[in-house]
Every structure is written in structure tokens, then in C-alpha cells.
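Residues per chain, in single letters:
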Amino acid sequence: MLEPLIYERSRHGRRGATLPALDVPEQPVDSLIPRGALRTEGPRLPEVSENEVVRHFINLSSLNYHLDRGIYPLGSCTMKYNPKMNEVAAAMPGFQHLHPLTPESHVQGALRLMYELGEMLKEINGMAGISLQPAAGAHGELTGLMMIRKYFESRGEQRHVILVPDSAHGTNPASSVIGGFTTASVKSNAEGTIDLDDLKAHLASDVAAIMLTNPNTLGIFERDIVEIEKLLHGNGSLMYMDGANLNALLGITRPGDHGFDVMHINLHKTFSTPHGGGGPGAGPVAVNSRLEPFLPRPVIEKHGDRYVMNWNRPLSIGKVQTFFGNFGVIVRAYAYIRANGAKGLSAVSRGAILNANYLLSRLRGAFELPYGTQPLHEFVLSASRQKEKGVRALDIAKRLLDYGVHAPTAYFPLIVHEALMIEPTETETKESLDYFAHALLEIDKEIETNKETVLNAPHTTPVRRLDEVRAAKQLNVKYVPGESSGDSGSVCSAGRPDSFSPR
Ligand SMILES: *Cc1c(COP(=O)(O)O)cnc(C)c1O
């Protein structure tokens, strides 16, 4: 059902709250507020009853697909179920109302939590130092690259090239450029991993580092990682690990042991903070001892039984975030790791790998798997067979919405033609995986029997196929009766309601 704007529900004089009778003498408002600060007319706020407010927002919340409704197999994003207990922890008044300028001696508990989370993340990844400041994975990438830059500056070396595999996430080259580097793309081989010959051809004296995602965006472990490490370090270059796919490695193997010098960890992917829609995340950056002096400051340290912020770090790249980072996300990650423990974390990754491989085994007959045979926590199918029959990955993704499940990531990584990138995560049951497989297999059959239905999907969602670029650039959420299920973009292009003029 479509939900009107709250301004359209508004009726003059309707109230959602009752205030007690005034117990002080009434004063005209212009005797209290300077003339220049007074409005000439009242604000145009919606006038609605309390239950209309509640219904409005409940209805809106159910228009969106989200993890509390069903499987969200968005590859590369690790959209797993996030225990509600973490929300309770993050909302504890002692955490939630903490003022960031409170003196160190009064926030020992919060500092301890950050220190201990840092220690646990170092242990999980085999790294020597950490900063929790970066607010997202991409921010962690930039932070790591700034440290790499400062490292080479401190040695008087001119190195300005970052090597990025052609399967990499777009943030890798973007962060490199913002960090003051240029990038060079390294090819993947037929297995979907780094082509060692192409890597060797790129190794020159100006290479600062390689940025590797492991397992990579195809869900495949870089089995030549030891050789890659030897090549890069032998060339005087550093190793950056994009840790977005850490959900596959917990308790199984550690990036630090593979020789990575620096990595980021997406707490909102691996360590259970609800994300998507630009919500807050955290991208802590962990380093080995070589890069430790360059960490953002302050670094949280434990001196005896006190937790302190050490600002006295002359080689630090400085602060990369106001105050401490996204503290609520840090609390959630801490709660999640403590609740799982070492064995539980290892079970997380093993479950994620098992679920992905089970789902793949159900889908392989109908869809092409261009790279690898045994991926880890995610896999990338190609809809190229379906495309020969006139149906694209996009159409399949849209049709999945009619089956009541969220579509997987599509058209990424770029090296897979008509890519459908699927990451079921460890938190889905066998029934849920079976339903998702059933939906994809049914759609594949529909291509033979009912192709138009697939091509015109979705049919059951509040809006149909939008002009996605226009919808993003000209945000307009106004519902126009009669245009609801119309053609591309009609909902987004409708005019603003006359009664609402935001200031
Ligand atoms: C998600 C992701 C990133 C970026 O992380 P954000 O937290 O979204 O900034 C980088 N690399 C890979 C492989 C990712 O999946």
C-alpha cells in the first residue's frame, strides 16, 4: 500500500499531543523574541493525531525491504542479521549520553571498551597496532594510504603508484587518487585471482603498495598470497588489505600472517552493525609494526590500570575523525565479539562459507559460474545464458523483488559479464537459502514460459522500474494517486505538494 506524505494527512487544528494548562502568566511571543528573529507566518507543520504519526512511520518502514523482513544477499556488503542485543548495549545511557569532551579520567569505561576492541581486532587479524577512528571502509582505505605515503616520505622514497586488481571495489582506486597516488590495474587470471605475470610486469621502483581484497570480490581466496607478498616486499613496496570480506576469514587465517602491512576492517559488515542507506559504519585501520608510528592520533593505550589517549606521536598522520569515531558502532562490534568468543567467530566464517557453497550448488545448473569452483563466503554468477534469451541480470534482479526477496549485487565486479554477486551470510537458515534458490530457478524457467513478466518486473512493489539516475538526482517522494504503478520514473518526477514548502 502506498503511503501519502505526512503533510497530506494534515488537517487544520488536529493535534497529536496535549500539554498541561499553563501555570505561569501568558506572554505574547513578540515580547520575548527580538523582532528580527520572528517569523512573519507560522511554520507549516503537519497537524496530525498521535496514532496517525505512528501509523505513518510504521507504514513507511514496511515499504522498505530490510534484513528484519528477509534474506538480503547483497554480495560484497555482508548484510547479515545483527543481534538486537547489540542495540541494547549501544543504547545504554552511560554510552549513549557520553559527551565527547568529558575528561579522560571520567570515561575510563569507554576508553577501556575501545582499547579492548582494538586488542581483539589486532588478535583476530594478526596486526600490531590499530586506530578505530575511520568512519567507514573507504575512510579506512584513505587513512591507510595516508600512512603509506607518510612512511615513504619518512624514508625519502618517491613512490606514487598503487596497484589495484581489476576485480577490486571502486573505492580502492578512488581512495588511492584522493590519497595523492596514481593507480595501475593488475589483471586477473582465468581462475579469477591475481595474474602473477601481469603483477611482475607492474613492479617498478615507483610502486608504493598493492591493495588486495582477500578473499577477493569473486569470493576466491588469493592462493598465491605468499608469492605476492614476496614480490611486493622484495620490491620495497607495501601490502594493503581491503578487509571488507573478513566475514570469510575469522578464526581461520589472519591477514597479518600473510604479510599485510595495513588493512581496514568494516565493523558494519563483519561485526554486526546494521548498515546500508548510508548509515553509520566504522572502518578501523590495523597495521603491523612497520607502520605503527604513523597511526592517527591519539592512540588509546593502557598504562597500569588506566586507559589514556596518547597524543605524543610525532610521526602520526594526525586525526582523521572528530573525537573518537562512530562510538555506537564500536560498542556493537565489542558486544558481538564478546558474545561470540573465539569459537563463535570461527563458526561465523565457516557458516558463511558453507551457506554460500550450498546456495551455489543449487544454482549452478541454471546459471554460469565464470570463475572458480569453490568460492568462500560469496560467489558471482553470470546471467550470460539468460541474456542470450533476451533477459539481463537487471531484469532478474527486478523480478526477484516480486518473490519477496532482495536482489543480489548486480553488475559488480566488472570483470564478470551480467554479474549476479551473491552473499547469503551465515545467519540464513537452510529454508531461507532454499527459498532464494527456488526464486532464482523459477525466474530462469519464466524466461522460457513468461518472458514479458520478467522483463516488466517488478509487479508487486510500491513503485515499478524507476529511472534510477533521475530518482537519485531529483529526489521527490510525493505519491501521486493514479501514477503509482506507472512507467519509469513517474513517482519520482511528480511535483511537490503545494502545501509544503521547506525552508
Ligand atoms: C564495502 C566495501 C568497501 C567500502 O567500504 P565502506 O564501508 O562501504 O566504505 C571496500 N571494498 C570492498 C571490497 C567492499 O565490499
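Being a predicted model, the structure only gives us computed values, none of them experimental.

Procedures and definitions
Residues numbered from 1 in each chain as written. Predicted model: local features only at pLDDT ≥ 70, side-chain atom pairs only at ≥ 80, totals over all residues. Heavy atoms only, no water. Helix = DSSP H or I, 4+ residues; strand = E, 2+ residues; numbered from the N terminus. Expected span 1.5 Å × (residues − 1). Buried < 20%, exposed > 50% of the residue type's maximum accessible area, 1.4 Å probe, protein only. Axes fitted to C-alpha atoms, helices over the stretch in contact; angles between N-to-C directions. Parallel < 35°, antiparallel > 145°, perpendicular 65-115°, else oblique. Left-handed = near helix turned anticlockwise from the far one by under 90°. Contact = heavy atoms within 4.5 Å. Nonpolar A, V, L, I, M, F, W, Y, C, P; charged D, E, K, R; others polar. Near = heavy atom within 4 Å. Polar contact = N/O pair within 3.5 Å; in protein donor to acceptor, adjacent residues only side chain to side chain. Areas by Shrake-Rupley, 256 points an atom, 1.4 Å probe, with all protein chains shown as cover. Salt bridge = Lys/Arg side-chain N within 4 Å of Asp/Glu carboxyl O. Core = buried A, V, L, I, M, F, W, Y, C linked by side-chain atoms within 4.5 Å. Pairing = 2+ DSSP bridges. Right-handed = clockwise from strand over helix to strand, strands pointing away. Phe/Tyr/Trp six-rings, centres within 6.5 Å; stacked < 30°, edge-to-face > 60°. Domains from an automatic or database assignment.

*Asks:* Can you tell me about unusual backbone geometry, naming the residues and giving the values?
*Replies:* Between Asn-214 and Pro-215 the backbone carries a cis peptide bond, its omega angle lying at -5°. Within the secondary structure layout, Pro-215 lies in the loop between strand S4 (207-213) and helix H9 (225-234). For the bond running from Phe-412 to Pro-413, omega is -5°, close enough to zero to count as cis. By the element assignment, Pro-413 lies in the loop between strand S11 (409-410) and strand S12 (419-422). Its identity is not glycine, yet Ser-76 carries a phi of approximately 75°, on the positive side.

*Asks:* I'd love a proper account of helix H6 (residues 137-154), names of residues and values included.
*Replies:* Relative to the 26 Å expected for 18 residues at 1.5 Å per residue, H6 spans 26 Å between its end C-alpha atoms, a close match to the ideal helical length. Looking only at H6, the buried set comprises Gly-137, Gly-140, Glu-141, Thr-143, Gly-144, Leu-145, Met-147, Ile-148, Tyr-151 and Phe-152. Following H6 by one or two positions, Gly-156 has its phi on the positive side, about 70°.

*Asks:* Tell me what's going on with the packing of helix H5 (residues 108-125) against helix H11 (residues 327-363), and back it up with residues and numbers.
*Replies:* Packing of H5 against H11 leaves a shortest axis separation of 10 Å and a crossing angle of 45°. The angle between H5 and H11 falls in the class oblique. Handedness of the H5/H11 crossing: left-handed. In this structure, H5 uses Ala-110, Leu-113, Met-114, Glu-116, Leu-117, Met-120, Leu-121 and Ile-124 to contact H11, whose residues at the interface are Phe-327, Ile-330, Val-331, Ala-333, Tyr-334, Ile-337, Arg-338 and Leu-345. For the contact of H5 with H11, a count of residues per class yields 14 nonpolar, no polar and 2 charged.

*Asks:* Explain the site of the ligand residue by residue, including any values.
*Replies:* Of all residues adjacent to the ligand, which total 13 residues, the nearest are Ser-76, Gly-137, Asp-242, His-268 and Lys-269. Between the ligand and Gly-137 there is a distance of 2.7 Å, counted from an oxygen atom to a backbone nitrogen or oxygen. Computed on the free molecule, the ligand has an accessible area of 380 Å², of which 87% lies beneath the protein chains in the complex. Counting only elements with at least two residues in the shell around the ligand, the list comes to H6 and helix H10 (267-270). Tallied by class, residues from the shell around the ligand come to 3 nonpolar, 7 polar and 3 charged.

*Asks:* So, H5: which residues are in play, and what are the values?
*Replies:* Helix length check: H5, at 18 residues, gives a terminal C-alpha distance of 26 Å against a target of 26 Å (1.5 Å per residue), a fit within 8%. Of all the 18 residues making up H5, 14 are buried; the element is thus mostly covered by neighbouring parts of the structure. Within two residues after H5, Gly-126 carries a phi angle of roughly 70°, on the positive side.

*Asks:* I'd like a description of the pattern of salt bridges, backed by residues and values.
*Replies:* Evaluation of the coordinates by the stated rule reveals 29 salt bridges. Across the pair Arg-14 and Glu-52 runs a salt bridge, and its minimum N-O distance is 3.4 Å. Of the two residues, Arg-14 is situated in the loop between helix H1 (6-9) and helix H2 (50-63) and Glu-52 in helix H2; the sequence distance between them amounts to 38 residues. You can call Arg-14 partly exposed: its relative accessible area is 35%. Look at Glu-52 and you get buried, because its relative accessible area is 12%.

*Asks:* Residues and numbers for the nonpolar core, please.
*Replies:* Judged by nonpolar contacts, the single largest core of 55 residues is most densely connected at Leu-117, Leu-121, Leu-163, Leu-199, Ile-265, Leu-267 and Phe-271. For this core, the element with the most residues is H11, which contributes 11 residues. If sequence neighbours within four positions are ignored, Leu-121 has contacts with Ile-130, Leu-132, Ile-265, Leu-267, Phe-271, Pro-284 and Ile-337. Of all hydrophobic cores here, the second largest spans 27 residues; its members include Leu-363, Ala-366, Phe-436 and Ile-443.

*Asks:* Could you give an account of the sheet that holds strand S1 (residues 129-131), naming the residues involved and the relevant values?
*Replies:* Across the sheet, 7 strands lie side by side as S1-S7-S6-S5-S4-S2-S3; this open sheet has mixed pairing. Of all strands in the sheet, those bounded by a partner on one side alone are S1 and strand S3 (182-186). Each adjacent strand pair in this sheet contributes to an overall mean axis angle of 20°, direction not counted. By the bridge criterion, 3 bridges tie strand S5 (residues 238-242) to strand S6 (residues 262-264) in an arrangement that is parallel. Of the residues in S6, the one forming a bridge with Asp-242 is His-264. Contacting strand S2 (161-165), S3, S4 and S5, helix H7 (residues 171-178) crosses the sheet at an angle of about 175° to S2. Contacts from H9 reach S4 and S5, with the element oriented near 135° to S5.

*Asks:* Could you give me a rundown of the pairing of S2, with the residues and numbers involved?
*Replies:* Counting buried positions along S2 gives 5 out of 5 residues, so the element sits mostly inside the fold. Of the two faces of S2, the one carrying Val-161, Leu-163 and Pro-165 and the one carrying Ile-162 and Val-164 are both buried. Following the chain from S2 across H7 to the adjacent parallel S3, one finds a crossover that is right-handed. One ladder, built from 3 bridges, connects S2 with S4; its direction is parallel. Each bridged residue has a counterpart across the sheet, and for Ile-162 the counterpart in S4 is Ala-209.

*Asks:* So, the packing of aromatic side chains: which residues are in play, and what are the values?
*Replies:* In this structure the tally under the stated criterion is 6 aromatic pairs. Between Tyr-115 and Tyr-307, the aromatic rings sit 5.6 Å apart at their centres with planes inclined by 55°, giving tilted as the arrangement. One end of the pair, Tyr-115, is in helix H5; the other, Tyr-307, is in strand S9 (residues 306-310), and 192 residues separate them in sequence. Accessibility classification places Tyr-115 together with Tyr-307 in one group, the buried group.

*Asks:* Residues and numbers for the sheet that holds strand S10 (residues 379-382), please.
*Replies:* Through backbone hydrogen bonds, the strands of a sheet pair up, either in parallel or in antiparallel fashion. Here 3 strands make up an open sheet; going across it, the order is S10-S12-S11 and the pairing antiparallel. Looking along the sheet, the strands with just one partner apiece sit at the ends: S10 and S11. One ladder, built from 2 bridges, connects S11 with S12; its direction is antiparallel. Looking at the pairing, Ala-410 lines up with Leu-420 of S12.

*Asks:* Can you tell me about the domain arrangement of the protein, naming the residues and giving the values?
*Replies:* How big an interface is tends to be stated in terms of accessible area lost as the parts join. With domains assigned, the protein is organised as domain 1 (6-63) and domain 2 (85-339). Placing the centre of domain 1 and that of domain 2 at their C-alpha centroids yields a distance of 46 Å.

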